2 protein chains.
Amino acid sequence: MTPRIDPEPSLHDEAARAGWLYYVGGLTQDQIARELGVSRQRAQRLVSRAVAEGLIHVRLNHRIGVCLDLEQALTDRFGLTRCRVAPGLGAGGDAVRAIASAAAGELERFLRMEEPSVVAVGTGRALRGMVDAMEDGIEAGQHRLVSLIGNIAPDGSASFFDVVMRLADKVHAPHYPMPVPVISPTPEENAAFHALPPVRKVVDLARKADVVFVGVGQMSNDAPLLKDGFVSRAELDEMQAAGAVGEVAGWVFDAQGQYLDLGTNRRTGGVRVEPGLDRPSIGIAAGETKVSAIRGALLARIVNGLVTDEPTARALLA
Amino acid sequence: MTPRIDPEPSLHDEAARAGWLYYVGGLTQDQIARELGVSRQRAQRLVSRAVAEGLIHVRLNHRIGVCLDLEQALTDRFGLTRCRVAPGLGAGGDAVRAIASAAAGELERFLRMEEPSVVAVGTGRALRGMVDAMEDGIEAGQHRLVSLIGNIAPDGSASFFDVVMRLADKVHAPHYPMPVPVISPTPEENAAFHALPPVRKVVDLARKADVVFVGVGQMSNDAPLLKDGFVSRAELDEMQAAGAVGEVAGWVFDAQGQYLDLGTNRRTGGVRVEPGLDRPSIGIAAGETKVSAIRGALLARIVNGLVTDEPTARALLA
DNA sequence: AAGCGATGTGAGCAAATGATCGCTATATGA
DNA sequence: TCATATAGCGATCATTTGCTCACATCGCTT
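Residues numbered from 1 in each chain as written. Chains lettered and ligands numbered in written order. Predicted model: local features only at pLDDT ≥ 70, side-chain atom pairs only at ≥ 80, totals over all residues. Heavy atoms only, no water.

Let us look at the overall build of chain A. The secondary structure content of chain A amounts to 13 helices and 11 strands. Against the compact-globule benchmark of 20 Å for 318 residues, chain A has a radius of gyration of 21 Å, which places it among compact chains. In terms of principal-axis extent, the alpha carbons of chain A reach across some 70 × 45 × 40 Å. Put simply, chain A has 318 residues, and 55% of those count as buried. Sequence-distant contacts in chain A: of pairs separated by 6 or more residues, those separated by 24 or more amount to 71%. For chain A, the separation between the mean place of its 34 positive charges and that of its 39 negative charges on side chains is 2 Å. (Helix = DSSP H or I, 4+ residues; strand = E, 2+ residues; numbered from the N terminus. Rg over C-alpha atoms; globule rule 2.2 N^0.38 Å. Buried < 20%, exposed > 50% of the residue type's maximum accessible area, 1.4 Å probe, protein only. Contact = heavy atoms within 4.5 Å. Lys, Arg positive; Asp, Glu negative; His and termini not counted. Charge placed at Lys NZ, Arg CZ, Asp CG, Glu CD.)

With that settled, consider the protein's contact with DNA strand C. If you check the shell around DNA strand C, you find Tyr22(A), Thr28(A), Gln29(A), Arg40(A), Gln44(A), Arg45(A), Ser39(B), Gln41(B), Arg42(B) and Arg45(B) and nothing else. Gln29(A) places a polar side-chain atom, nitrogen or oxygen, 2.5 Å from a phosphate oxygen of DNA strand C. At 3.1 Å, a side-chain N or O of Gln41(B) approaches a base nitrogen of DNA strand C. If you list the elements that add at least two residues to the surface near DNA strand C, you get helix H3 (40-52) of chain A together with helix H3 (40-52) of chain B. (Near = heavy atom within 4 Å. Polar contact = N/O pair within 3.5 Å; in protein donor to acceptor, adjacent residues only side chain to side chain.)

Another point: empty space enclosed by the protein. Taken as a whole and assessed by the stated rule, the structure comprises 1 cavity of 30 Å³ or more. Size it by volume and the largest cavity reaches roughly 60 Å³. Every residue lining the largest cavity is listed: His57(A), Arg59(A), Glu135(A), His57(B), Arg59(B) and Glu135(B). Among the elements of the structure, strand S1 (56-60) of chain A together with strand S1 (56-60) of chain B are those that each provide at least two residues to the lining of the largest cavity. Considering only residue class, the lining of the largest cavity consists of no nonpolar, 2 polar and 4 charged. (1 Å grid on protein atoms, 1.4 Å probe; cavity = no way out; pocket = protein on both sides within 12 Å on 5 of 7 lines; lining within 4 Å. Points joined across faces, edges and corners; volume = space filled by probe spheres on them. Nonpolar A, V, L, I, M, F, W, Y, C, P; charged D, E, K, R; others polar.)

Let us now look at the UniProt feature "domain: HTH marR-type" (unreviewed entry) in chain A. In the numbering adopted here, UniProt assigns the feature "domain: HTH marR-type" (unreviewed entry) to residues 19-58 of chain A. Secondary structure over residues 19-58 of chain A splits into 68% helix and 8% strand, and the C-alpha atoms at its two ends are 12 Å apart. (UniProt positions renumbered as here; feature names shortened; annotations may be inferred.)

A word on the packing of aromatic side chains. All names here are of chain A. In the structure shown here, the tally under the stated rule is 8 aromatic pairs over all chains. Considering the side-chain rings of Phe110 and Phe213, the 5.8 Å spacing of their centres and the 80 degrees angle between planes classify their relative orientation as edge-to-face. You can see Phe110 sitting in helix H5 (residues 95-111) and its partner Phe213 sitting in strand S6 (residues 211-215), a full 103 residues away along the chain. Of the residues examined, Phe213 reaches a relative accessible area of 0% and is grouped as buried. Measuring from ring centre to ring centre gives 6.3 Å for Phe253 and Tyr259, while their planes differ by 75 degrees; the resulting arrangement is edge-to-face. An aromatic cluster is present here, built from Trp251, Phe253 and Tyr259 joined pairwise through their rings. (Phe/Tyr/Trp six-rings, centres within 6.5 Å; stacked < 30°, edge-to-face > 60°.)

As a further point, take the sheet that holds strand S3 (residues 118-121) of chain A. All names here are of chain A. Judged by pairing direction, the sheet is parallel, and its 7 strands sit side by side in the order S2-S11-S10-S6-S3-S4-S5 without closing on themselves. Each of the sheet's edge strands pairs with one partner strand only, and the pair in question is strand S2 (82-86) and strand S5 (175-181). The sheet shows a mean angle of 15 degrees between the axes of neighbouring strands, taken without regard to direction. Note that strand S10 (residues 281-284) and strand S11 (residues 305-309) share 3 bridges and pair parallel. Bridge assignment links Gly283 to a residue of S11, and that residue is Leu306. Lying over the sheet, H5 contacts S2, S3, strand S4 (144-152), S6, S10 and S11, oriented at roughly 150 degrees with respect to S11. (Pairing = 2+ DSSP bridges. Axes fitted to C-alpha atoms, helices over the stretch in contact; angles between N-to-C directions.)

Once that is clear, we can look at the nonpolar core. One finds Leu74(A), Phe213(A), Ile284(A), Leu74(B), Phe213(B) and Ile284(B) to be the most contacted residues of the largest nonpolar core, which totals 200 residues. Setting aside chain neighbours within four positions, we find Phe213(A) in contact with Glu106(A), Leu107(A), Phe110(A), Val119(A), Ala120(A), Val121(A), Gly122(A), Leu127(A), Met130(A), Ile282(A) and Ile284(A). (Core = buried A, V, L, I, M, F, W, Y, C linked by side-chain atoms within 4.5 Å.)

Here we take up the protein's contact with DNA strand D. Around DNA strand D, the neighbouring residues are Ser39(A), Gln41(A), Arg42(A), Arg45(A), Arg49(A), Tyr22(B), Thr28(B), Gln29(B), Arg40(B), Gln44(B) and Arg45(B). Within 4 Å of the protein, the contacting atoms of DNA strand D are 59% sugar and phosphate, with bases supplying the remainder. Taking Gln44(B), its side chain carries an N or O atom lying 2.7 Å from a phosphate oxygen of DNA strand D. Grouping the amino acids of the surface near DNA strand D by side-chain chemistry returns 1 nonpolar, 5 polar and 5 charged.

In this section: H3(A). All names here are of chain A. Under the 1.5 Å per step criterion, the end-to-end length of H3 is 18 Å for 13 residues, consistent within 8% with the ideal 18 Å. When we look at burial in H3, the residues that qualify are Ala43, Leu46, Val47 and Ala50. Down the axis, H3 shows its buried residues gathered within 95 degrees of arc, on one side only. Those residues of H3 that are exposed and aimed more than 90 degrees away from the buried face are Arg45 and Ala52. (Expected span 1.5 Å × (residues − 1). Arc of directions from axis to C-beta.)

Turning next to the sheet that holds strand S7 (residues 217-218) of chain A. Residue and element names in this part refer to chain A. The strand order across the open sheet formed by 3 strands is S7-S8-S9, and the pairing between neighbours is antiparallel. Of all the strands in the sheet, the pair left with one neighbour each is S7 and strand S9 (251-254). For S7 and strand S8 (residues 244-248), the ladder comprises 2 bridges, and the chain directions are antiparallel. Residue pairing in the sheet places Gly217 in a bridge with Glu247 of S8. Each of S7, S8 and S9 touches helix H12 (residues 291-299); the most contacted strand, S9, lies at about 90 degrees to it.

We now examine the interface of chain A and chain B. Each partner contributes to the interface: chain A provides 51 residues, whereas chain B provides 51 residues. Summed over both sides, the interface between chain A and chain B buries roughly 4,600 Å², with carbon and sulfur atoms accounting for 57% of that surface. Between chain A and chain B we count 4 salt bridges in total. Glu310(B) is paired through a salt bridge with Arg17(A); the nearest N and O atoms lie 2.7 Å apart. (Buried area = accessible area lost by both parts, 1.4 Å probe. Salt bridge = Lys/Arg side-chain N within 4 Å of Asp/Glu carboxyl O.)

The following block contains the structure:
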C-alpha cells in the first residue's frame, strides 16, 4: 500500500538531513548519528558538508541599529536609492561572506516582481557570493538576465563568467552572455566584435536593463583585473599613474568616478555602466581595499545603490 | 564629519551581532567575546539568546528526495492542491519546529502576491510557530487578515489569539479579529453575538477569504481544546463517544471529516471552514497524535493543502 | 532601610565538536 | 597489471561549547 519511497538517499540528501537535524532540530551529532544509523564522525562530516555546500542558509532577522544608521548616513551623503549595510565579521572576516546574504535579499527583491524586466549583472567574487546565498525555489522566468561583461577570457577560463549562468540556472530565467572578449588585444578587434549583429543585440539589451547589479573592483596592486590576468602589470601602472582607483564591469575610473580614456578602457568589450542612470544600479562591494573605488563609483553615480558591510560603510563616511 | 553613530547598542543588537558573528562569520565564542569586548560567557549567552529569540533563522536549501516523494504521494492520495513535507526531527523532536519554516514559506508565497486578498487564519501552536519563522521585512499591506476563531476566551487569556495579531504586526497588514467568544455558554448567546452587524461583517469577510491557513487539533485526551479549557472533560467524552477525532478552528469532526452536530459545535463562535472549498485551505499540522485528525480533515477536504512532517506524512499514507 | 526576588556574571567542568592521522577501498591511468 | 591518486572511514585528542553553581547587583516592596 505504501507508495514506493526510499530509492537511494543521495549524499546530498543525507547531508541536508544531517544539517536539518543539527541546526533546526538542535540534536547533537551523536543523536544524529544514531538517527541516521551512521558513525558519529560521519554525522559530523555530513553536517559540515551541508554547511560547505550551502545547503544550510542562515539569515539574521534583526536589523542592527548601527547598521541602519550607517545606511541612512550613506543614503544622505551619496543620494542613494537603496542601501544595505551588513554587520562586519570582525578583524579577519571575509567581507564577501558578510554582504552575500544582504545582496541576495536585494536581488531577490527585484526577481520577485511579476513585471518582466531586464537584469544586468557584472562579475566578481561578491556577485558570486550573492548568487550562492540566494534561496532556492525562486522562479524568475519572466525576467531576462544579461551579462555586462564579455565572456571570452584570454586563457579560456570560464570560472570568471559563471555568475549570470549560475543565476539563470538557479531561477530558471533566460540569460544573455555577451559574446566578446573581456578585453580585446586591440581597439580594432573590439570594434569588430561590436559590429556583429548578435553582439549588438546583447549590448542593446544590457543598455536598457531595468536594474544593474555590479561588483566594484579596486585598482591597487591587488586589483582583480590584474590577478585574473586581464591587465598587465605595465598597464596597471600606467592607469594608476593616471589616477585609476577602481573599476566596474571592467571599466576603470578615477577617484571622482570619471572613466579614464586610456589603457584597457579602449579595448574593454563589455557594456559600460553609465553614470547617473535613472534606473537602479546596485553596487555590491565591501573591504578595506575597495573603499576609494567604491567612493568613486558613488560620487559619479555609476552606482546609485550599495550593499556593503559595516567597516566599509564607516570608511566611506569618514 | 562622521555622522552620529553609536547611541546604545541594545541588548537585541548585541545578541544579533553575536549570532551573526557566530553563524555567518564562523567565529569562535572566544573571538566574539574579544570582538565585542565582553567575557566569553556573555558571548555564549548572547549567541544562545539570538537563537532563542528567533533572531537567527536557518533554512534548508535542499529538498530532500524522500520528502518530495511523500508530497507527491499525499497529493495523489488526497487530491491536494499544495503539499509540503518537512524532514522529521527524530524521535524526541518537536513537530511544530519541524514544519514551522515550511509553513512560513507557504504563507509568504501568498502574502507576496501583489493582488490584494483576504487571508483567514486559525490559531494554535503550529500557526504560531509559522508566524515566528517568517522572515522580517515582508510588507503585505495590500492583504487583509481575518481570524476564523473568536477572540473572547472564558478566562480572558489572550495568548491563544495573538496569531493574527502577531502576523498583522509583522507584515503591516490590517487585521480583523472576530469579536465573539471562542465557545459561548449557550447556543442562544452565540446566536446573539452573530446577529450583531459588526460580527456579521467579520464573518462575511472570513467566509470569502481567498486562502485559509488553519491548524488541526486532535480530540484525544490531550486535545488542545481541553487543555486550553474550551471544553470540559465531560463534553470531550461525549464527543469522543460520537466519533470525534479532530477539530479545525474549533469545529469538531469525525474520522471521515464530517462535522458533528453536538457538544461544543452548537456553541462555537468562529467561522467553520466548509469542506470542499474551491480556494486554497491549507492545514498546518504534524505529530503522531494528530494523524487521524489530519486524515479526517483531508478526506472531507476541509483542507485541500497540507504542511506536515515526514513521520506524519508516512502515517497518513499507511 | 532591610528584605527579597529577579537578573546577570564569572569559574569550573563535562560534554560536544572538529581536526588530524593512518588505514582501506576504489578508481584512474600509464 | 600495477602504481598512484582520491576519498571515505574510525580512532584519538585538543579545542570549543554550554551547563551549573555560587555570588554580586539592582530594583522593588514592606
